[in-house]
Amino acid sequence: MTEHVEVHHDSHNDPEHIKREVRIYLYVFGSLAVLTGATVAARYLLDLPMHYAIILALIIAAAKGTLVAGFFMHLLSEKKLIYAILALTVVFFAFLIWLPLHDIADKMGK
Amino acid sequence: MDAHAHAIDAGHDHGGHHELEIPFNVAPRPDTGVYNAKLGVWLFLASEVMLFGALFSSLILLRTGAAHWPVGKDTLHVLPATINTFVLILSSVTVVLAWANLRLGDLKMGRIFIGVTLLCGLIFMLIKAYEYNLSFSHEHFPKTNNFFAIYFTMTGLHGLHVLGGMIVFAYFLTFGSKMWKTEPARFTNRIEVVGLYWHFVDLVWIFLFPTLYLL
């Protein structure tokens, strides 16, 4: 049985295009590894107050999340319908996070 | 032609049995622009965002409402969790490499990378078991306090997601790969779809790791 099969013939599956994608995936992997090291190093080496440590950790996590979503999940070049689904999800997610934050702000105001 | 009509039209007779061929498994559906499984997995992931979002919301509420909240890096085991972060990142790369090789028509390399991904999942679970064991040996249980309750809930739920992904990868590595002989493009799409799920599991861990273990 041959294991090599023609899968598609469009430009998206052109071997050169795929090889370029693979190189990008490896760069993203390197960036994620460095950012993970930076997250741990920042917490142990920088003696930041907790609120600054939280902000920094979340910024690094957001950068890592953007790399995973953008390149590994191909969200940099996805269809409009997927963006629409995710936009709706972001709205509801933001509401979920806003709820406890609103409660904190309420308590601080009293 | 709408999707229903297309489905009926695509039916074939096999020995007197009418076999219905499900459309848009490979080619994008004209009205959505994506094949059906891809749309399905994104809708599923949207619901998963809400599931984990509710738990992150609970974590914020518990943490800000507590008079004293333990600092993760002084309470939990950071080294195994850091190793697990690297393992999950590596597994995310191996999934996309599996998908890339399948698109190149190379099943052998595709299966090797699926196998490495499965192995990464297994290593993650073993390290997680070791980490839980360390917590239990220090008398830290979900009932200990709210910190450990939310820690075990979130990491436990995440671990179940890793386990779910491993089961799917094990299937595609064994019985599921038979599809390659008859429908290689559809099999390739299946790996893309499970890959999207796996990246989401990685994404959740990217936020769980600092919020629970470091802060």
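This is a predicted model, so every value here is computed, not measured.

A.B. asks: In this structure, what is going on with the overall build of chain A? I would like to understand it.
C.D. replies: The secondary structure content of chain A amounts to three helices and zero strands. Across chain A, helices and strands are ordered from the amino to the carboxyl terminus as α-α-α. A burial count over chain A gives 15% of its 110 residues as buried.

A.B. asks: Whenever I open this one, the interface of chain A and chain B confuses me. Can you help?
C.D. replies: Interfaces are often described in size by the accessible area the parts lose on coming together. Taken together, the contact pairs 44 residues of chain A with 46 residues of chain B. Of all elements in the fold, only helix H1 (15-45), helix H2 (50-72) and helix H3 (80-109) of chain A reach the threshold of two or more residues within the side of chain A that touches chain B. A per-element tally of the side of chain A that touches chain B places H3(A) first, with 14 residues. Here the side of chain A that touches chain B is built from residues that sort into 29 nonpolar, seven polar and eight charged.

A.B. asks: How should I be thinking about the environment of Ala69(A) in this particular structure?
C.D. replies: When you line up the elements, Ala69(A) lands in helix H2. Ala69(A) gets classed as partly exposed once you count the C-beta atoms within 10 Å, which come to 18. When the C-alpha atoms of Ala69(A) and Pro15(A) are compared, they prove to be 23 Å apart, with 54 residues separating the residues in sequence. In this view, Ala69(A) contacts Leu75(A) and Leu203(B); residues no more than four positions away in its chain are not counted.

A.B. asks: Help me understand the nonpolar core, please; the structure alone is not making it clear to me.
C.D. replies: The nonpolar side chains of a soluble globular protein tend to be buried, and buried together. Residue and element names in this part refer to chain B. Core analysis: the biggest nonpolar cluster contains 63 residues, and Val96 and Ala98 have the highest contact counts within it. With 16 residues, the single largest contributor to this core is helix H8 (residues 184-214). Discounting residues that sit within four places of it in the chain, Ala98 has contacts with Gly110, Phe113, Ile114, Thr117 and Ile191.

A.B. asks: Help me understand helix H4 (residues 78-103) of chain B in this model?
C.D. replies: Owing to its 3.6 residues per turn, the α-helix brings residues three or four apart onto one side. Over its 26 residues, H4(B) extends 38 Å from the first C-alpha to the last, a length consistent with the 38 Å expected when each residue adds 1.5 Å. With 19 of its 26 residues buried, H4(B) lies for the most part within the structure.

A.B. asks: Can you help me understand the packing of helix H2 (residues 36-65) of chain B against H8(B) in this one?
C.D. replies: All names here are of chain B. Where H2 meets H8, the closest approach of the two axes is 10 Å, and the angle between their N-to-C directions is 15°. Between H2 and H8, the crossing angle belongs to the class labelled roughly parallel. Crossing geometry of H2 relative to H8 is assigned as right-handed. On H8, the residues that touch Ala37, Lys38, Val41, Leu45, Glu48, Phe52 and Leu59 of H2 are Asn189, Val193, Leu196, Tyr197, Phe200, Val204 and Thr211. Residues that form the contact of H2 with H8 fall into these classes: 10 nonpolar, two polar and two charged.

A.B. asks: So what exactly am I meant to see when it comes to H8(B) here?
C.D. replies: Residues and elements named next belong to chain B. Given a rise of 1.5 Å per residue, 31 residues ought to cover 45 Å, and the 44 Å separating the end C-alpha atoms of H8 matches this to within 8%. Remark: the principal bend of H8, roughly 30°, maps to Leu208, with a proline, Pro210, within the next four residues. A large share of H8 lies buried, amounting to 26 of its 31 residues.

A.B. asks: Is there a simple way to think about the packing of H4(B) against helix H5 (residues 107-137) of chain B in this case?
C.D. replies: Geometrically, a packed helix pair is captured by the angle between its two axes and the distance between the axes. Residues and elements named next belong to chain B. Running from N to C, H4 and H5 point in directions that differ by 165°, and their axes come no closer than 8 Å. Here H5 runs roughly antiparallel to H4, going by the angle between their axes. The hand of the H4/H5 crossing is left-handed. Considering only residue class, the contact of H4 with H5 consists of 20 nonpolar, seven polar and two charged.

A.B. asks: I would appreciate a short explanation of the environment of Val90(A) in the present structure.
C.D. replies: Residues and elements named next belong to chain A. Along the chain, the position of Val90 falls in helix H3. We classify Val90 as partly exposed; it has 13 C-beta atoms within 10 Å. For the pair Val90 and His74, spaced 16 residues apart in sequence, the C-alpha separation works out to 17 Å.

Rules behind the numbers
All residue numbers refer to position in the chain's written sequence, counted from 1. The order in which chains are written sets their letters, starting at A; the order in which ligands are written sets their numbers, starting at 1. Residues qualify for local features only when their pLDDT is at least 70, as the model is predicted, and side-chain atom pairs are given and counted only at 80 or more; totals for whole chains, interfaces and linings, by contrast, use all residues. Only DSSP runs of H or I with at least four residues qualify as helices, and only runs of E with at least two residues qualify as strands; both kinds are numbered from the N terminus onward. Counting other C-beta atoms within 10 Å of a residue's own tells you its class, since 20 or more makes it buried, 12 or fewer makes it exposed, and anything in between is partly exposed; those C-beta atoms are placed from the backbone. Residue pairs are scored as contacts if the distance between their C-beta atoms, which are placed from the backbone, is within 7 Å. Amino acids outside the nonpolar list (Ala, Val, Leu, Ile, Met, Phe, Trp, Tyr, Cys, Pro) and the charged list (Asp, Glu, Lys, Arg) are all regarded as polar, and Gly is one of them. Nonpolar cores are identified as sets of buried Ala, Val, Leu, Ile, Met, Phe, Trp, Tyr and Cys residues joined via C-beta atoms within 7 Å. By this rule the span expected of a helix is its residue count minus one, scaled by 1.5 Å. To define axes, lines are fitted to C-alpha atoms, for helices over the stretch in contact only, and angles between the resulting N-to-C directions are given on a 0 to 180 degree scale. In this scheme, roughly parallel covers angles under 35 degrees and roughly antiparallel covers those over 145, while 65 to 115 is roughly perpendicular and the rest are oblique. Should the near helix be turned anticlockwise from the far one by less than a right angle, the crossing is termed left-handed; should it be turned clockwise, right-handed. At any given residue, the bend is defined as the angle formed between two axes, one fitted to the seven residues that end at that position and one fitted to the seven that begin there.

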